[in-house]
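Take a look at the letters that make up each chain.
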Amino acid sequence: MEIKTFTVADLKTALVSEDFWRTKTLPITKHRALSYSRNPRADENDPVLLVAYQNNRVIGYLGILPDKIFVHNASYKMGWLTSWWTDSAWATSGVGAILLFKALNAYDQHIGVSGGSGEARKALHASQKFMALKPLQGLDIRLRLNVTKDILRRFPLMKIFRLWFKIFDVIMDEVMNLRSIFWQRRNNPCQRLTFEHITAIDEETDRFIQQHHRQDLTRKKKSDLSWIMNNPWILSAPLKDSAGKRYYFSSRANRFLYLGVKVFEHHTEMIGFFLLKVRDDRMSIVYSYFESHHAASITAAAFHHALAMDVDILNLYDERLVASFSKLRYPCWSAKKNKRGFSLSKAFADIPLTDYRLHGGDGDLAFY
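A brief structural summary. All values reported here derive from a predicted model rather than from experimental measurement.

1. Concerning the overall build of the protein chain
- Across its full length, the protein chain carries 11 helices and 16 strands.
- Oriented by its inertia axes, the alpha-carbon framework of the protein chain measures out at about 65 × 60 × 40 Å.
- Every one of the 368 residues in the protein chain was classed for burial, and the buried ones make up 52%.
- Sequence-distant contacts, at least 24 apart, represent 72% of the contacts inside the protein chain between residues at least 6 apart.
- For the protein chain, the exposed surface amounts to about 18,200 Å²; the carbon and sulfur share of it is 52%.

2. Thoughts on the layout of surface pockets
- The space that makes up the largest pocket amounts to roughly 1,200 Å³.
- Lining the largest pocket we find 40 residues, and of these Trp84, Ser117, Glu119, Ala120 and Arg121 sit closest to its centre.
- Looking at the lining of the largest pocket, the elements with two or more residues in it are strand E4 (74-86), helix H3 (95-106), strand E5 (111-114), helix H4 (118-127), strand E6 (130-132), strand E15 (334-340) and strand E16 (342-345).
- The greatest single-element share of the lining of the largest pocket, amounting to seven residues, is contributed by H4.
- Its residues assigned to classes, the lining of the largest pocket shows 20 nonpolar, 14 polar and six charged.
- Considering only enclosed or pocket space, the second largest pocket measures out at about 480 Å³ in volume.

3. Brief notes about the sheet that holds E4
- What the seven strands build is an open sheet, ordered E1-E2-E3-E4-E5-E16-E6; its pairing is mixed. Edge positions in the open sheet fall to strand E1 (2-7) and E6, since each of these has one partner strand only. Ignoring strand direction, the axes of neighbouring strands in this sheet form an average angle of 30 degrees.
- In terms of strand pairing, E1 meets strand E2 (residues 47-54) through six bridges, oriented antiparallel. In the sheet register, Glu2 faces E2, and the bridge partner there is Tyr53.
- Across the sheet, helix H2 (residues 30-37) touches E2, strand E3 (57-71) and E4, and the angle it forms with E4 is around 170 degrees.
- Across the face of the sheet, H4 comes into contact with E4, E5 and E6 while running at roughly 125 degrees to E4.

4. As for unusual backbone geometry
- Located in the positive-phi region is Ser83, a residue other than glycine, with phi close to 45 degrees.
- Secondary-structure assignment places Ser83 in strand E4.

5. A closer look at the side chain of Asp87
- Here Asp87 shows up in the loop between E4 and H3.
- Leaving out residues up to four positions away in the same chain, Asp87 has contacts with Arg57 and Ile59.

6. Thoughts on the packing of helix H10 (residues 295-308) against helix H11 (residues 319-328)
- H11 packs onto H10 with a crossing angle of 80 degrees between their chain directions and a minimal axis gap of 9 Å. Classified by the interaxial angle, the pair formed by H10 and H11 is roughly perpendicular. Facing Ala295, Ala296, Ile298, Thr299, Ala300 and Phe303 of H10, the residues of H11 in contact are Arg320, Leu321, Ser324, Phe325 and Leu328.

What counts, and where the lines are drawn
Residues numbered from 1 in each chain as written. Predicted model: local features only at pLDDT ≥ 70, side-chain atom pairs only at ≥ 80, totals over all residues. Heavy atoms only, no water. Helix = DSSP H or I, 4+ residues; strand = E, 2+ residues; numbered from the N terminus. Buried < 20%, exposed > 50% of the residue type's maximum accessible area, 1.4 Å probe, protein only. Contact = heavy atoms within 4.5 Å. Areas by Shrake-Rupley, 256 points an atom, 1.4 Å probe, with all protein chains shown as cover. 1 Å grid on protein atoms, 1.4 Å probe; cavity = no way out; pocket = protein on both sides within 12 Å on 5 of 7 lines; lining within 4 Å. Points joined across faces, edges and corners; volume = space filled by probe spheres on them. Nonpolar A, V, L, I, M, F, W, Y, C, P; charged D, E, K, R; others polar. Pairing = 2+ DSSP bridges. Axes fitted to C-alpha atoms, helices over the stretch in contact; angles between N-to-C directions. Parallel < 35°, antiparallel > 145°, perpendicular 65-115°, else oblique.

Structure below.
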């Protein structure tokens with residue numbers, strides 16, 4: 001078995017190499033490799049991909065996303081683990097553990113993990129190298145029922161009743177539309193708000209973010225958020241292409257986009273900014289910046305966009321937005337609590353990680 005380490009510079013070379021993309025199993029897609037190579041927080045020599053080969057066949061891989069975290073006036077270079085995969089035929093060979101320890105060594109033990117599967121979390125716990133951070137407490141808010149999709153996914157044989165399910169969905173959507181209209185007539189917190197939509201962070205937004213990110217663990221700025229918005233790991237496409245079929249993580253969706261929303265009060269005063277992500281029927285607020293007393297207005301703005309973009313589910317992760325949701329009593333079918341977990345390696349144990357703020361897009365979560 002051979003483990004190869006690819007740096008940012010190596011990936012740039014791989015992007016124009018035909019041999020790298022001919023393997024039966026791909027350790028990365030081209031658009032993700034391009035995104036890695038453009039990361040403003042990465043240096044040319046930063047390791048970003050570890051690949052295990054056996055007889056020139058890919059049997060495992062692990063991506064690393066270079067980043068920085070900020071505590072008080074100090075910054076720390078680190079990497080977030082992402083796309084950790086091992087061939088099932090080699091599951092008991094220790095390949096996954098070898099990749100993990102090589103990643104830790106590549107970043108002088110300064111590694112973070114966001115989200116992750118149950119199996120990955122068990123492996124991290126078994127390594128005894130990581131400590132859990134306080135998870136984000138979010139909400140999954142269902143705005144559309146979409147019974148057709150849910151039932152047919154669970155019971156494919158009921159597709160003969162597809163037409164009736166669709167009719168039911170249409171009726172329920174109209175019920176929700178009426179409830180929303182009546183709610184807006186009674187409340188309408190968006191009445192005094194205006195919006196500006198952006199696809200890259202402008203100077204005004206950058207200044208606003210920097211005024212509101214001092215408590216953020218990752219303190220994103222203009223170059224970071226613009227990079228996320230313009231270098232997605234998921235492409236909007238109707239079908240998987242040949243590369244996507246050889247890659248074991250998400251690479252496409254029927255609909256995938258980012259949109260920056262600047263929120264103004266009385267047309268002139270900017271009171272908030274949020275970066276939303278839409279993937280198929282789900283919209284998530286992955287980064288949000290505002291003063292706490294404007295939380296109700298920003299929450300209302302998020303709902304306004306979720307309805308306009310006709311999504312089924314709105315995900316909120318900012319605790320101030322979650323708290324405002326219950327106060328606004330916005331009409332929805334359900335609101336379920338969810339969590340987003342984060343861990344850092346124990347190399348950070350002596351750093352005073354208190355009073356920091358995480359966002360729903362930190363780590364690699366903004367990209368999925």
